[in-house]
Amino acid sequence: MNAIIIGAGIGGIATSIRLAKNGYKVDVYEQNSYPGGKLSLIEQDGFRFDAGPSLFTLPELVDDLVKLQNENSNIEFPYKKLDESCRYFWEDGKRITAYTEPKKFGAEVEKVFKVPAKTITDYIKNAEFKYEKSARIFLEKSLHKTSTFLSKEILPALLNIYKFGLFESMNQVNQRKLKDPKLVQLFNRFATYNGSDPYQAPGILTSIANLELNKGTFYPKNGMYQITDTLVKVAESLGVKFHYNAAVENIKVEDKEAKGVVANGEFISADLVVSNMDIYPTYKKLLSKEKQPEPILNQERSSSALIFYWGIAREFEELGLHNIFFSEDYRKEFDHIFKKKAVAPDPTVYVNITSKHSPEDAPEGMENWFVMVNVPANNGQDWDKLIPEIKESVLQKLERMLKTDISRHIKTESILEPRTIESKTSSYQGALYGSSSNNRYAAFLRHPNFHQKIKNLYFSGGSVHPGGGIPLCLLSAKIIDDLSPSAK
Ligand code: FAD
């Protein structure tokens, strides 16, 4: 039996590995000349940048795939757990380093904020409880199969549902538990893990803190692109064929069954078709003759991003791998993104510097800065006017907070923004994580990993269940593998 996968994003590559292991002959058709989609890389003037994701959690999901490699291969995926998760900076000069060990972070919060360490360790314990009780149901299984609701994990989840914070926002939970406005801001930040608004997203998302501050954050030996690189090698070891510069134009459906795809004008038949393309253009372009699930397609999109990749001709001791420079008014910032579809005058700035761990990513004495601001998904805003304005406010903010002239040190620059995120990966409106999680039904309103009416048609990646971000994309592949027929 053969399977065709549309798109070599991380969800598509992971699906190709699982289906190949399951006995399918797999071909991946990718419109770009390179794999990885959002998880790709940029090389420029002696600097290397990870183009998209920078924060790596749940590495065991990658390990699981690496273990599936052909028995005669010797593909390794070295990475390390980080002691430090992120450095946070505020305009009034307050700074704190967050650690991946709850007691250590609690002690640091006590020192910097005069808030008892136990407040933090209790918070993280609660985040862990919510995560453990809900993940198996909401993330690791299809929400669209009766079997999920008959499984043994459902009972503990249902018995604890009132403890999940579904009826409060993340911000309400954080205010109640943490009180200190800066700590509330720090923990509200976890809403950005899936491009959502902490003032609207349900309190259950406070469980995300369990990943970074308890299970830990990790760093692949050669940076994030190593995930793509390694998994492509694993897939190839299993016989998966990647076809680059091969955009799929159509999914052929006959008698309510997927029969194959048309790529570069040619029909290729398949027993199974998986789209890793964003679900919106999958329907609008590849399945335009089929009934469109408009309520799902019209869900609010997650936020997008504006990223400046800067080669910086100096080193900054006070910065680590992940650094966040907070805005003074977080609520205003999210109101701008989700209600006004605009960017607040003083946005929070995230700076990621992989040369802190991979010195070869920048020339000696220099650093590779990935500088990101959360922005709304593209609704036709005047980005050509906005980008220079945002750049100016980012520079002013960093110069104020680091007390040094940054622009003078920028040796090289590249920019990614909502329009180019869409043109490079087909993500509708350039959203980073598919639809937002700004309401408590969001988990149920994502498209299932299979088509309910068309046989042999499946969907993987960040715009479908269980959602965006590398770990969830990898889980979408596992769910497809569980649901699809074995080819053995
Ligand atoms: P995508 O990466 O969306 O790729 C889809 C692929 O399909 C692309 O290669 C595209 O070219 C191809 N394709 C589309 N249409 C066709 C077609 N018709 N024919 C052939 N090929 C087609 N996640 C994290 O876990 N941690 C982070 O720190 C993080 N930060 C992020 C920062 C940025 C700036 C961005 C952009 C994303 C970030 N994410 C992060 C999100 C994460 O990158 C995504 O959720 C994930 O990579 C999406 O993978 P995917 O499988 O959905 O495929």
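Read on for a plain summary of the structure. (Residues numbered from 1 in each chain as written. Predicted model: local features only at pLDDT ≥ 70, side-chain atom pairs only at ≥ 80, totals over all residues. Heavy atoms only, no water.)

**Examining the environment of Val261**
Along the chain, the position of Val261 falls in strand E11 (residues 257-263). For Val261, a relative accessible area of 0% puts it in the buried group. Separated by 168 residues in the primary sequence, Val261 and Gly93 place their C-alpha atoms 56 Å from one another. Ignoring sequence-local partners within four residues, the contact set of Val261 consists of Ile4, Ile6, Val248, Asn250, Ile251, Lys252, Glu266, Phe267, Ile268 and Val273. (Helix = DSSP H or I, 4+ residues; strand = E, 2+ residues; numbered from the N terminus. Buried < 20%, exposed > 50% of the residue type's maximum accessible area, 1.4 Å probe, protein only. Contact = heavy atoms within 4.5 Å.)

**Some remarks on empty space enclosed by the protein**
Tallied over the full model, the rule gives three cavities of 30 Å³ or more. Reported here for the largest cavity is a volume of approximately 80 Å³. Looking at the lining of the largest cavity, the elements that each hand over two or more residues are helix H11 (279-286) and helix H12 (294-297). Of the residues belonging to the lining of the largest cavity, the class tally is five nonpolar, five polar and two charged. (1 Å grid on protein atoms, 1.4 Å probe; cavity = no way out; pocket = protein on both sides within 12 Å on 5 of 7 lines; lining within 4 Å. Points joined across faces, edges and corners; volume = space filled by probe spheres on them. Nonpolar A, V, L, I, M, F, W, Y, C, P; charged D, E, K, R; others polar.)

**Considerations on the site of the ligand**
The immediate surroundings of the ligand are formed by 34 residues, with Gly11, Glu30, Lys38, Gly462 and Gly469 found nearest. Here an oxygen atom of the ligand sits 3.2 Å away from a polar atom, N or O, in the side chain of Asn32. For the ligand, an oxygen atom lies 2.7 Å from a polar atom in the backbone of Gly462. Residue assignment for the shell around the ligand shows that the elements contributing at least two residues are helix H1 (10-21), helix H15 (418-425) and helix H17 (470-483). Examining the composition of the shell around the ligand, we find that three residues originate from one element, H17, more than from any other. (Near = heavy atom within 4 Å. Polar contact = N/O pair within 3.5 Å; in protein donor to acceptor, adjacent residues only side chain to side chain.)

**Thoughts on the sheet that holds strand E18 (residues 410-416)**
If you trace the seven strands from one edge of the open sheet to the other, you get E7-E6-E15-E16-E17-E14-E18, paired in mixed fashion. Two strands in the sheet have a free side with no partner beyond their single neighbour: strand E7 (95-99) and E18. Averaged over neighbouring strand pairs, the angle between their axes works out to 20° when direction is ignored. Pairing of strand E14 (residues 304-312) with strand E17 (residues 367-375) involves nine bridges; the strand directions are antiparallel. (Pairing = 2+ DSSP bridges. Axes fitted to C-alpha atoms, helices over the stretch in contact; angles between N-to-C directions.)

**Details of the packing of aromatic side chains**
Following the criterion strictly, the structure yields 25 aromatic pairs and no others. Taken together, the ring pairs in this structure connect Tyr88, Trp90, Phe113, Tyr199, Phe326, Tyr330 and Phe334 into an aromatic cluster. Between Lys145 and the ring centre of Phe450, over which it is positioned, the NZ or CZ distance is 4.1 Å. The ring of Phe316 carries the charged tip of Arg314 above its face, separated from the ring centre by 3.9 Å. (Phe/Tyr/Trp six-rings, centres within 6.5 Å; stacked < 30°, edge-to-face > 60°. Lys NZ or Arg CZ within 6 Å of the ring centre and 35° of its normal.)

**Observations regarding the sheet that holds strand E12 (residues 266-269)**
Pairing in this open sheet of three strands is antiparallel, and the strands run E10-E11-E12 from one edge to the other. Looking at strand neighbours, the two that pair on one side only are strand E10 (248-254) and E12, the edges of this open sheet. Taken pair by pair, the neighbouring strands of this sheet meet at an average axis angle of 30°, ignoring direction. Pairing of E11 with E12 involves four bridges; the strand directions are antiparallel. Bridging across to E12, Ala263 finds its partner in Glu266.

**Looking at H1**
Each α-helix winds once per 3.6 residues, and so residues spaced three or four apart point in a common direction. Its 12 residues give H1 an end-to-end C-alpha distance of 17 Å, which sits within 8% of 16 Å, the value for a rise of 1.5 Å per residue. Among the 12 residues of H1, 11 are classified as buried, and the element is accordingly described as predominantly covered. For H1, every residue scored as buried is listed here: Ile10, Gly11, Gly12, Ile13, Ala14, Thr15, Ser16, Ile17, Arg18, Leu19 and Ala20. Looking one or two places after H1, you find Gly23, whose phi comes out positive at around 105°. (Expected span 1.5 Å × (residues − 1).)

**What to know about unusual backbone geometry**
Each neighbour pair has its own omega, and for His465 with Pro466 the value is 0°, a cis peptide bond. In this structure, Pro466 sits in the loop between strand E19 (457-459) and H17. Of note, Gln429 is a non-glycine position whose phi angle comes to about 60°, a positive value. Along the polypeptide, Gln429 turns up in the loop between H15 and helix H16 (442-445).

**Here we look at the environment of Thr15**
In this fold, Thr15 is placed in helix H1. For Thr15 and Asn439, which are 424 residues apart along the polypeptide, the C-alpha to C-alpha distance reads 28 Å. Setting aside anything within four residues of it in sequence, one finds Thr15 in contact with Ile5, Val274, Ser460, Ala477 and Ile480.

**Let's talk about the pattern of salt bridges**
If you walk through the whole model with that rule in mind, you get 25 salt bridges. Residue Lys118 pairs with Asp122 through a salt bridge whose shortest N-O separation is 2.6 Å. Of this pair, Lys118 and Asp122 are both found in helix H4 (residues 117-138), four residues apart, which corresponds to roughly one turn of the helix. Here Glu132 makes a salt bridge to Lys215, at a shortest N to O gap of 3.8 Å. Placement of Glu132 in helix H4 and of Lys215 in helix H9 (residues 209-215) is noted, with a sequence separation of 83 residues between them. Connected through shared salt-bridge partners, Glu91, Asp346, Lys397 and Arg400 make up one network. (Salt bridge = Lys/Arg side-chain N within 4 Å of Asp/Glu carboxyl O.)

**Describing helix H13 (residues 330-340)**
For H13, every residue scored as buried is listed here: Tyr330, Glu333, Phe334, His336, Ile337 and Phe338. Buried residues along H13 cover an arc of 165° about the axis, so they all sit on one side. Opposite the packed face of H13, turned more than 90 degrees from it, sit the exposed residues Lys339 and Lys340. Where the residues of H13 are buried, they touch helix H8 (181-188) and E17. The backbone nitrogen of Arg331 has a side-chain oxygen 3.4 Å away, supplied by the residue at the start of H13, namely Asp329. Count one or two residues on from H13 and you reach Lys341, which has phi positive near 55°. (Arc of directions from axis to C-beta.)

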